[in-house]
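Working through the structure, step by step
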Amino acid sequence: MKRILTVQDISCLGKCSITVALPVISAMGVETVILPTAVLSTHTMFQGFTVKDLSDQIEPITAHWKSQDVQFDALYTGYLGTIEQIEQMKTLFKTFKTDDNIIFIDPVMADNGKLYPAFDENYVKANAELCGFADIIVPNITEACFMTGMEYKTEYDEAYIKELLDKLAALGPKIVVLTGVSCSEGKTGVMGLDTTKNEYFVYQNDRVDAAYHGTGDIFSSVCVGAMMRGHTWQKAMEIAADYTALTIAETLKNPKKPWYGVDFEATLPVLIDTLREKEVD
Ligand code: PXL
């Protein structure tokens, strides 16, 4: 069984970060080791949330793992709280990166043209630099614009997306994937660039007209999980995009209209079936 390490916060209530990554990746048949960067009462879209920073735990926890000769097949980072933690990730990568594992970075910090409340321009710069260490990065368009200095647009053409991908590639990652890309009316999905082959990749499915927090975390977790189950990054993106769309559609059926996160618990069986159907030897 493959083993991944995911480094992100625990938002106790909110269905994002570790409370998504752990159940989703485990359900995909991949061991999921967690390194919590902070404990929050809720994610930061709630008013008045509490935060306990755990930066001082990162060094002792990772040192203990190192002493036990622990190895990982993927190092997956998501929401990190501070520039200091971004710096700590560089050390963690040096410690645990091997020739055989991958670094997967979701530079979670913004959406819909705006930075999340905790972040500023310096945080953006630090995250952009961290992306240079990655084998694969999966920013949304907002995060990509902040990291490249390009103008954020809600209406765009393929040339705009390709320019964003090229500028992200210049940060240094091997594979760049932009999420939330709509190539035509009523569609949404991803567009990627494999810098080692200079090949672009597009995957689109039907747009479900609703926005929920945590969908980026679901997408990234499924990507990592699918890659660990032997799928190519392109196939992993397709599985993740389809599963995210299905989960949003399922959440829309909920009469209680949850606003803070999606009902991924209801769609996990479908994800497991999909993986079985698409099993790679
Ligand atoms: O889903 C991204 C995310 C993760 N962690 C925290 C957040 C958010 C988005 O708002 O606030 C704490």
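The structure this text deals with has already been given above.
Residues numbered from 1 in each chain as written. Predicted model: local features only at pLDDT ≥ 70, side-chain atom pairs only at ≥ 80, totals over all residues. Heavy atoms only, no water.

1. So, the environment of Tyr203
Where we set the bar: Counting from the N terminus, the helices are DSSP H or I runs at least four residues long and the strands are E runs at least two residues long. Contacts are assigned to residue pairs with any non-hydrogen atoms lying within 4.5 Å of each other. Pairing of N or O atoms within 3.5 Å defines a polar contact, subject to two protein rules: one partner must be a possible hydrogen donor and the other a possible acceptor, and residues neighboring in sequence count only if both atoms are side-chain atoms.
By the secondary structure assignment, Tyr203 is in strand E11 (residues 199–206). Through-space distance from the C-alpha of Tyr203 to that of Trp233 is 12 Å; in sequence the pair is 30 residues apart. With sequence-adjacent residues up to four places away left out, Tyr203 is seen in contact with Thr188, Gly189, Val190, Glu238, Ala241 and Asp242. At a separation of 2.8 Å, a polar atom in the side chain of Tyr203 contacts the side chain of Asp242.

2. With respect to the sheet that holds strand E8 (residues 136–137)
As a reminder of what qualifies: The pairing criterion is simple: DSSP has to find at least two bridges between the two strands. Helix axes are fitted to C-alpha atoms over the stretch in contact, other axes to C-alpha atoms as well, and angles between N-to-C directions run from 0 to 180 degrees.
Strand order across the open sheet formed by 9 strands is E3-E2-E1-E4-E5-E8-E9-E10-E11, with mixed pairing between neighbours. Pairing within the sheet leaves two strands with one partner each, and these edge strands are strand E3 (51–53) and E11. On the sheet, helix H2 (residues 55–67) packs against strand E1 (3–13), strand E2 (31–42) and E3 and is oriented at approximately 165° with respect to E2.

3. Quick notes on the nonpolar core
To be explicit about the condition: By nonpolar core we mean a set of buried residues, namely Ala, Val, Leu, Ile, Met, Phe, Trp, Tyr and Cys, connected to one another through side-chain atoms within 4.5 Å. Using a 1.4 Å probe on the protein chains alone, a residue whose accessible area is under 20% of its type maximum counts as buried, one over 50% counts as exposed, and one in between counts as partly exposed.
Counting residues in hydrophobic clusters, the biggest one holds 46 residues, and the most contacted among them are Leu5 and Leu178. Setting aside residues up to four positions removed in sequence, Leu5 forms contacts with Val33, Ile34, Leu35, Trp65, Phe72, Ala74, Leu75, Tyr76 and Leu92.

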